[in-house]
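Working through the structure, step by step
Here is how the chains run, residue by residue.
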Amino acid sequence: MAKRCDICGKGPVTGNNVSHSHKKSRRRWLPNLQRVRVSVDGQNTHKKVCTSCIKSGKVVKAA
C-alpha cells in the first residue's frame, strides 16, 4: 500500500530521531491518510486522501 495522497501527492518524509545525548537514528513522518468514498465523474470510488485535502474541500464526498 503506497502511503501517498491520491489528490495532492503528499507522502512520507524522513528525518532523524535525536536523543538527549544527540545520537541520531532514522525515522519517518507519515501523512494522515483516510479511505474516503469520492464522487468522480458520476462514479463513486474509494480513494486514499490526506486530511488536509478533506478539510480544504479539494474532495467531494459521495452521498
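Read on for a plain summary of the structure. (Residues numbered from 1 in each chain as written. Predicted model: local features only at pLDDT ≥ 70, side-chain atom pairs only at ≥ 80, totals over all residues. Heavy atoms only, no water.)

1. Details of the overall build of the chain
We count it as follows: Counting from the N terminus, the helices are the DSSP runs of H or I reaching at least four residues and the strands are the DSSP runs of E reaching at least two. Note on classification: 1.4 Å probe, protein chains only; a residue is buried when its accessible area is under 20% of the maximum for its type, exposed when over 50%, partly exposed between these limits. Two residues qualify as a contact provided that any one of their heavy atoms is within 4.5 Å of a heavy atom in the partner residue. For every accessible area listed, the method is Shrake-Rupley and the probe measures 1.4 Å; residues are considered covered only by the protein chains on display.
For the chain, the helix and strand inventory stands at 1 helix and 4 strands. Listed by position from the N terminus, the elements making up the chain come as β-β-β-β-α. Taken along the three principal axes of its C-alpha coordinates, the chain extends 55 × 25 × 15 Å. Scored against the burial criterion, the 63 residues of the chain give a buried share of 19%. Intrachain contacts of the chain at a sequence separation of at least 6 include 30% that bridge at least 24 residues. Carbon and sulfur atoms make up 49% of the accessible area of the chain, which amounts to about 4900 Å² in all.

2. Topic: the pairing of strand E4 (residues 43-50)
As a reminder, the rule being used: Note: two strands are recorded as paired if DSSP finds a minimum of 2 bridges between them.
Pairing between strand E3 (residues 33-40) and E4: 8 bridges, direction antiparallel. Across the sheet, Leu-33 pairs through a bridge with Cys-50, a residue of E4. Count of turn residues in the E3/E4 antiparallel hairpin: 2 residues, of which Asp-41 carries a positive phi of about 55 degrees.

3. Focus: the nonpolar core
Keep this limit in mind: Nine residue types can take part in a nonpolar core, namely buried Ala, Val, Leu, Ile, Met, Phe, Trp, Tyr and Cys, and a core is a set of them joined through side-chain atoms within 4.5 Å.
By size, the foremost hydrophobic cluster in this structure holds 8 residues: Cys-5, Leu-33, Val-36, Val-38, Val-49, Cys-50, Cys-53 and Val-59. For this core, the secondary-structure elements that each account for two or more residues are E3 and E4. The leading source of residues in this core is E3, at 3 residues. Beyond its immediate sequence surroundings of up to four residues, Cys-50 is in contact with Cys-5, Cys-8, Lys-10, Asn-32 and Leu-33.

4. Regarding unusual backbone geometry
The backbone of His-22 shows a phi angle near 70 degrees, a positive value even though the residue is not glycine. Position of His-22 among the secondary structure elements: in the loop between strand E1 (13-18) and strand E2 (24-29). Residues other than glycine seldom take positive phi values, yet Asp-41 does so here, at roughly 55 degrees. Checked against the element boundaries, Asp-41 lands in the loop between E3 and E4.

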